[in-house]
Amino acid sequence: MPAEYSRRAVLGQIALGGALATAGPAGHAFAALDDRPWFFLTDNEARWLAAIVDVFIPADEYPSATQAGVVDYIDFQMATHYGKGARLYLQEPFSQGAPEQGYQAPCPPAELLRRGIAAALAEGDVTAQDAAGRERYVQAMSEAQGNIDDSDVPVGTFFTELLSLTNEGCFADPIYMGNNAYAGWEMVGFPGAHAYYLSFVDKHNRPFDKPPMGIAHGEYPHTFPRIVGGS
Amino acid sequence: MAPTTLPRTDVLIIGGGWTGLTAAYELAHAGQRCVILERGEHRHDATSFAGPEEHDEMKYAIRHHHMVDVTKETLTFRNDRGQQALPMRRLGSFLPGSGLGGAGIHWNGQLWRALPSDLEMRTHYENRYGSQFIPEDLSVQDWGVTYDELEPHYDFFEQICGAAGYAGNLQGERRDGGNVFEGPRSQDYPNPAMKQPISNTLFGRSAESMGLHPFPIPSANVTREYENPYGAKLHPCTYCGFCERFGCGYFAKADPIICVYDRVKEHENFEIRFESQVLRIEKSEDGQTATGALYLGPDGREYFQPADTICMNAYALWNVHLMLVSGLGKPYDPKTRTGVVGRNYAYQTIASVDAFFDDSVITNPFMGAGALGVVVDDYNGDNFDHSDLGFVGGGYIACKQYHGRPIGYQPVPEGTPRWGLEWKRAVRENYGHHGDIVVHGSSMPTPENYLDLDPTWTDAFGRPLLRMTFNFPDNDRRMSDYVMHRAVEIAENMEHVRSVKSTNLAAVGSNYNIVPYQTTHNTGGAVIGTDPATSAVNRYGQMWDHHNVFVFGACLFPQNLGYNPTGPLMGLAYWTLHHMKNDYLPNPRPLMDA
Amino acid sequence: MTPLSKITAVVVLTVGSFAAVSAGAQDYSETPGIDALVANLDSERALFNARVEAPVDDDLLEAGRLVAMGGAEFGGSGMACFTCHGANGRGDGSAAFPRLAGLPGWYMYKQLMDYASGTRPNQIMTGIAQKLTEREMEAVATYYAAIDAPFRDVTSDIAPDVLQWGGMLGAVGSAEKGIPACVNCHGPSGTGNPPSVPYLAGQYATYMEHQLMLWREGTRDNDPMNVMSAIADKMSDEDMRAVSEYYARVRAQEDIEDAADLGPTGLAPEIEPLAETLDVEAD
């Protein structure tokens with residue numbers, strides 16, 4: 001497999017330059033996927049995303065976003081129905097509108113991310129900055145208005161999309177390729193999809209520290225992720 | 001190609017959710033041949049909603065797989081007439097359903113009745129507080145049907161659902177532990193109330209110590225093995241925490257598929273056609289009646305289904321849309337304030353209060369159910385003295401534990417940033433130590449909140465989109481603020497509470513926002529009443545202008561209650577069906593003089 | 001979407017025989033030692049499965065082992081559990097007595113309490129359970145929960161269409177009869193949902209079928225809110241047999257892998273078409 005396809009290499013570069021420098025190379029989420037090409041992202045896009053999502057969810061005693069597989073999650077979402085605009089009304093004309101009117105970007109999420117990252121990279125490479133620089137960059141992006149310079153990408157929509165995708169990638173069932181080894185679920189104590197609490201709901205203040213079990217727990221490998229959003 | 005005209009049927013029912021399937025059951029058993037046109041697909045609790053696959057937060061709660069696909073049908077939205085309405089390109093604030101069972105398969109199961117005074121709201125307020133009390137900019141009106149008239153129908157629907165609760169007013173006798181403010185019930189709930197987790201229990205204890213009247217939320221999450229009057233067998237709830245936005249594979253949340261559809265699907269007078277999108281209702285030449293519906297079948301061809309009687313059983317918003325695109329009734333015009341279709345659109349006024357416990361309280365939030373909660377009704381409707389408050393209406397205050405799904409459930413204290421280390425720590429430290437309190441407030445109609453057709457955008461079938469113009473009336477902002485502060489007092493009085501955060505989605509200075517989920521309780525637009533100038537249908541749910549068209553659902557509400565709408569709208573549905581069977585169908589005619 | 005696409009498990013049905021695991025019921029030499037049990041508890045999941053109330057420790061396991069052998073600090077039941085349930089909790093092979101190995105500790109503890117109180121009436125178990133203290137019940141439940149015993153082979157002849165019907169009931173239930181899927185509560189492949197829901201996969205068919213009949217006739221009603229009676233009420237004798245025979249033959253993936261470690265196993269060919277429908281939601 002060509003070297004440029006190594007996910008570990010791509011994400012590791014980010015880790016060494018940024019918030020994870022002290023924690024060593026990023027523990028990449030799905031080792032089994034390491035030599036597979038991204039489904040949608042380019043290496044540059046993945047690197048940029050890794051820098052941003054680890055500002056959203058930095059490493060502490062629990063994994064960071066990239067360690068939890070968030071970049072893999074976003075890559076997969078963008079490659080599949082959601083990224084392509086499933087359940088998104090895309091009839092013209094487009095108009096920016098008020099925040100209360102929600103998503104009005106003139107394209108589906110995959111295109112939004114592609115154009116947004118390109119426009120952001122054209123302004124300067126945040127991945128070259130240190131952790132503090134990245135935090136300042138993300139803060140500034142969250143406060144910006146209008147379109148990213150020289151693009152038709154509404155920065156508010158772009159930012160909201162990044163933040164939601166990061167959150168989902170950390171906490172969605174591992175069948176979607178994030179939440180690696182239940183990183184998000186372990187952190188909060190969510191036991192997962194296999195749920196039967198009739199005998200326990202009224203046993204007050206009793207800890208229920210069942211280790212998480214996802215939908216496909218132990219049943220089939222992560223290399224068969226869930227494609228969702230087709231209808 | 002010209003549409004194929006099909007053989008005539010007695011009753012054509014548009015929509016296969018709670019009201020449509022119930023109409024089919026009742027009318028089929030009354031000897032009427034019924035055809036349901038359902039735009040979505042067939043599905044069933046056993047084969048479509050089994051865990052653990054159904055317990056997929058991403059697919060169902062976040063990506064909305066049980067809900068309407070906005071690429072086919074959506075609406076445009078603006079806060080006021082001065083603004084350009086833009087398409088709701090994604091679902092957000094509310095989640096209408098699609099497919100067999102409609103939104104009835106992904107509801108929470110909170111099963112309420114209207115208060116007697118709610119149903120005679122204008123009369124009640126004017127009698128109690130004077131004729132000038134209701135603010136002039138509110139088009140509040142009576143429903144034209146009373147609690148005593150609806151009571152048998154509320155009661156019957158509660159039996160259909162196997163409702164769990166404790167009566168607070170049994171044939172006039174007030175009973176502590178139930179809702180002492182409710183109207184008299186002819187009998188108690190068919191099933192005992194749900195078990196309560198610690199957070200709800202602490203809320204109830206706090207409210208009681210303050211002299212309020214807590215009780216368990218009336219629930220259609222069934223609490224024991226139960227057979228409903230149609231013969232459907234329901235099972236006890238497992239508190240799995242995948243209720244709202246999900247179907248129930250346990251047969252434990254009453255839904256239209258197991259409670260109604262399974263019991264009528266074999267009936268000789270019953271037929272349902274899936275993936276059949278109604279495009280338009282056609283009228284007779286004189287316009288006095290409707291003749292049938294034009295629909296797009298699963299084969300992509302157009303059909304015309306003639307019928308003697310038409311029941312409109314789509315979701316509230318789509319019922320109004322279908323009336324507007326079909327020219328049924330007179331469209332509402334906000335400039336002249338005339339017309340009725342689209343008038344008195346209302347919503348639900350929501351505020352939330354988060355109570356954060358110390359670590360000795362372990363809530364296990366994932367042990368939940370849609371209607372699992374303890375609630376006070378002391379500040380709902382006119383259960384409290386409004387004399388000096390400057391608003392009408394109210395809301396219930398409930399502490400609920402309905403899920404701990406980790407994308408959707410991330411309570412963090414006041415002042416927590418939206419990302420970063422501090423956010424991450426707050427999410428993890430508060431997940432299992434949080435009480436989720438909601439203020440579920442009424443929504444009053446104004447002449448400026450309404451539904452009409454959009455001039456620019458169309459749906460997948462080429463019809464103009466519905467256009468929603470809505471913002472919170474000042475009355476409701478004041479109401480929400482007042483009741484939220486009462487909720488904060490209860491929260492601060494709870495044992496083991498470290499901090500309290502409150503959020504009023506209708507705060508003064510803010511606008512209604514169609515993005516964050518609030519409730520799927522869109523009401524009005526084709527309201528019920530006794531005056532054809534201010535209602536689209538008469539008190540029996542019959543259109544004033546087209547006597548063989550009957551309308552069902554929350555689009556009938558003249559203003560929205562402080563309660564979840566399913567119980568109230570099903571009470572109305574059984575009321576309408578009772579009058580159709582006994583009065584209208586034997587002798588079709590207008591049931592009231594215009 | 002076809003109903004089968006809701007099946008979550010890679011299902012493997014076993015038909016052949018385990019030559020290596022045909023120990024007799026009273027062969028105490030197969031009694032797992034504490035070291036073996038502790039080794040079985042190396043994951044959080046196993047620990048959670050084993051725990052009743054108190055944390056699992058060597059003392060509790062040792063106490064449980066004593067009870068299982070018929071003794072204990074307060075005298076135990078006087079009957080060795082091994083006699084009927086096998087040296088390592090695999091049942092006695094006659095299938096009259098259920099497999100206990102690896103059942104959730106909390107579930108077994110509750111069953112013992114219910115036997116003792118008469119909530120779950122049983123001529124044999126009531127007398128035994130009444131002689132146990134609560135601590136002994138907890139200990140022996142923890143002990144059996146911690147055992148990781150190989151499964152017996154299933155040798156009875158069964159028509160393929162019966163197995164298929166059983167598999168359907170397990171995975172998606174029956175819309176016609178209003179039967180919810182077993183996997184709702186009993187976990188993917190019926191591997192259980194600790195602490196309160198026992199596994200079905202690998203349990204004996206005769207035992208499960210008999211229990212379903214007891215639920216249906218109301219003799220057994222000791223689950224919370226009678227969930228199982230409500231379900232069994234909708235099932236015919238044929239449904240009960242089919243689903244029981246099906247689950248008796250199901251093994252979770254991890255058990256198959258474990259079994260593979262033992263050497264040649266005689267596992268039946270995998271039923272690939274089922275497995276292949278699972279992975280990608282194709283709507």
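Chain C goes by Cytochrome c in an unreviewed UniProt entry, where it is assigned to Citreimonas salinaria.

Going by what an unreviewed UniProt entry lists, chain A is known as Gluconate 2-dehydrogenase alpha chain/gluconate 2-dehydrogenase gamma chain and is assigned to Citreimonas salinaria.

Visitor: Describe the overall build of chain C, and please don't skip the residues or the numbers.
Guide: When you go through chain C residue by residue, the secondary structure sums to 14 helices and two strands. By the burial criterion, 52% of the 283 residues in chain C qualify as buried. Sequence-distant contacts in chain C: of pairs separated by 6 or more residues, those separated by 24 or more amount to 71%.

Visitor: So what's going on with the UniProt feature "domain: Cytochrome c" (unreviewed entry) in chain C? Which residues, and what values?
Guide: Per the UniProt annotation, the sites labelled "domain: Cytochrome c" (unreviewed entry) are residues 65-148 and 160-251 of chain C. As annotated, residues 160-251 of chain C has a helix share of 52% and a strand share of 2%, and its two end C-alpha atoms lie 17 Å apart.

Visitor: I'd love a proper account of the nonpolar core, names of residues and values included.
Guide: Of all hydrophobic cores here, the largest spans 319 residues; its most connected members are B:A24, B:I397, B:V551 and B:L556. The residues that make up this core include at least three from each of domain 1 (3-19 + 152-276) and domain 2 (28-146) of chain C.

Visitor: How would you sum up the packing of helix α6 (residues 147-161) of chain B against helix α12 (residues 566-584) of chain B? Please name residues and give values.
Guide: Residue and element names in this part refer to chain B. Where α6 contacts α12, the two axes come as close as 8 Å, and the packing angle between them is 110°. Between α6 and α12, the angle is such that the two are roughly perpendicular. Between α6 and α12 the crossing geometry is right-handed. Between α6, through E149, L150, H153, Y154, F156 and F157, and α12, the contact on the second element is made entirely by G567, M570, G571, L572, Y574 and W575. Class assignment of the residues belonging to the contact of α6 with α12 gives a composition of eight nonpolar, three polar and one charged.

Visitor: Account for the pairing of strand β19 (residues 434-441) of chain B, naming residues and giving values.
Guide: Here is the key point about a regular strand: its side chains alternate between the two faces of the sheet. Residues and elements named next belong to chain B. Most of β19 is tucked away: eight of the eight residues are buried. Judged by which residues are buried, β19 turns out to be covered on both faces: H434, D436, V438 and H440 on one side and G435, I437, V439 and G441 on the other are all buried. Sheet analysis places strand β16 (residues 349-357) next to β19, joined by eight bridges and oriented antiparallel. Paired with V353 across the two strands is I437, which belongs to β19. Here strand β18 (residues 395-400) runs beside β19; their pairing, made up of six bridges, is antiparallel. Within the sheet, the bridge partner assigned to A398 lies in β19 and is V438.

Visitor: Outline the domain arrangement of chain C, supporting the account with residue identities and numerical values.
Guide: Residues and elements named next belong to chain C. For chain C, the domain assignment lists domain 1 (3-19 + 152-276) and domain 2 (28-146). Tallying the contact residues gives 16 residues for domain 1 and 17 residues for domain 2. Split into classes, the residues belonging to the side of domain 1 that touches domain 2 amount to seven nonpolar, seven polar and two charged.

Visitor: So what about the sheet that holds strand β5 (residues 86-87) of chain B? Which residues, and what values?
Guide: All names here are of chain B. An order of β5-β4-β21-β20 is seen for the four strands of this open sheet, with the pairing classed as mixed. Edge positions in the sheet fall to β5 and β20 (450-458), since each has one partner strand and no second. Alignment of strand β4 (residues 75-78) against strand β21 (residues 464-469), held across four bridges, turns out to be parallel. Within β21, the residue paired with L75 across the bridge is L466.

Reading the values: the criteria
Residues numbered from 1 in each chain as written. Chains lettered and ligands numbered in written order. Predicted model: local features only at pLDDT ≥ 70, side-chain atom pairs only at ≥ 80, totals over all residues. Helix = DSSP H or I, 4+ residues; strand = E, 2+ residues; numbered from the N terminus. Buried ≥ 20, exposed ≤ 12 C-beta atoms within 10 Å, placed from the backbone. Contact = placed C-beta atoms within 7 Å. UniProt positions renumbered as here; feature names shortened; annotations may be inferred. Core = buried A, V, L, I, M, F, W, Y, C linked by C-beta atoms within 7 Å. Domains from an automatic or database assignment. Axes fitted to C-alpha atoms, helices over the stretch in contact; angles between N-to-C directions. Parallel < 35°, antiparallel > 145°, perpendicular 65-115°, else oblique. Left-handed = near helix turned anticlockwise from the far one by under 90°. Nonpolar A, V, L, I, M, F, W, Y, C, P; charged D, E, K, R; others polar. Pairing = 2+ DSSP bridges.

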